[in-house]
Amino acid sequence: AALLKDRIKLLSTTPEFCAIAAFGWAVGDGDLESIVVGEHDGRGEVYDERDILDRFWTLARTHRLCGYNIAYFDLPVIYARSAILRVKPTCKIDTTPWKDEVIDLYVKRFGPKGNTSKDRPGKLKELAPLYGCTVSAEDVDGGAVYGLMKEGKIQEVKKYVESDVGICQQMYEVFEGLFV
């Protein structure tokens, strides 16, 4: 069982072998939004991974990106999955640290080499309360998404994604003027 769990974790964090299950966003201090694979879109269709990538690239064309470890995890996954599924990007994203197209709150907090110590806290939900950020889905993290999707628990995945977006939105406000 432990070997299977380790294999699932490896595949779910390797861009070419994972699948994007959900995407959440907020524009500025606007409402939290998300789409999850398997969720109904309101027109009788069901969202799939291509829909998520299309939504991401539509937003990326006109908005600056902000996330937690977005430069080292989310964007490499989005690039690989877009290439594999032949979803055409709408823009080029410059992740170099001297540009501000991508605000990676993880990098802003830990520096460009990141958190290399396994003993040092660095997970978004561990740090959020220290910055006064509200965590609405404390019991779910990225490692649980595979199991939740397998069980068809779309609403739990949606809640997790929107919670993380909300934390990033709050953390950006805390860091604004300091790091961003």
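Residues numbered from 1 in each chain as written. Predicted model: local features only at pLDDT ≥ 70, side-chain atom pairs only at ≥ 80, totals over all residues. Heavy atoms only, no water.

**A short note on the pattern of salt bridges**
Considering all chains together, one arrives at 7 salt bridges under this definition. The partner of K158 in a salt bridge is E39, with the nearest N and O atoms 2.9 Å apart. Placement of the pair is K158 in helix α7 (residues 154-175) and E39 in the loop between β2 (33-36) and α2 (49-62), with a sequence separation of 119 residues. Exposure remark for K158: the relative accessible area of 15% places this residue in the buried category. One salt bridge in this structure joins R43 and D41, with 3.1 Å as the shortest N-O distance. Taking the relative accessible area as the measure of exposure, R43 reaches 70% and is therefore exposed. Judged by relative accessible area, which is 17%, D41 ranks as buried. (Salt bridge = Lys/Arg side-chain N within 4 Å of Asp/Glu carboxyl O. Helix = DSSP H or I, 4+ residues; strand = E, 2+ residues; numbered from the N terminus. Buried < 20%, exposed > 50% of the residue type's maximum accessible area, 1.4 Å probe, protein only.)

**Here we look at the side chain of E39**
The exposure class of E39 is buried, given its relative accessible area of 13%. At a separation of 2.9 Å, a polar atom in the side chain of E39 contacts the side chain of K158. The contact partners of E39, leaving out residues within four places of it in the chain, are S34, E45, V46, Y47, I154 and K158. (Polar contact = N/O pair within 3.5 Å; in protein donor to acceptor, adjacent residues only side chain to side chain. Contact = heavy atoms within 4.5 Å.)

**Examining the nonpolar core**
F56, W57, L65, L75, I78 and I93 are the most contacted members of the largest nonpolar core, which has 20 residues in total. Among the elements of the structure, β1 (22-25), α2 and α3 (70-85) are those that each provide at least two residues to this core. In terms of residue count, α2 provides more of this core than any other element does, 6 residues in total. Look past the residues within four positions of I78 in its chain and what remains in contact with it is I20, L53, F56 and W57. With 14 residues, the next largest nonpolar core counts L127, A128, I167 and F175 among its residues. (Core = buried A, V, L, I, M, F, W, Y, C linked by side-chain atoms within 4.5 Å.)

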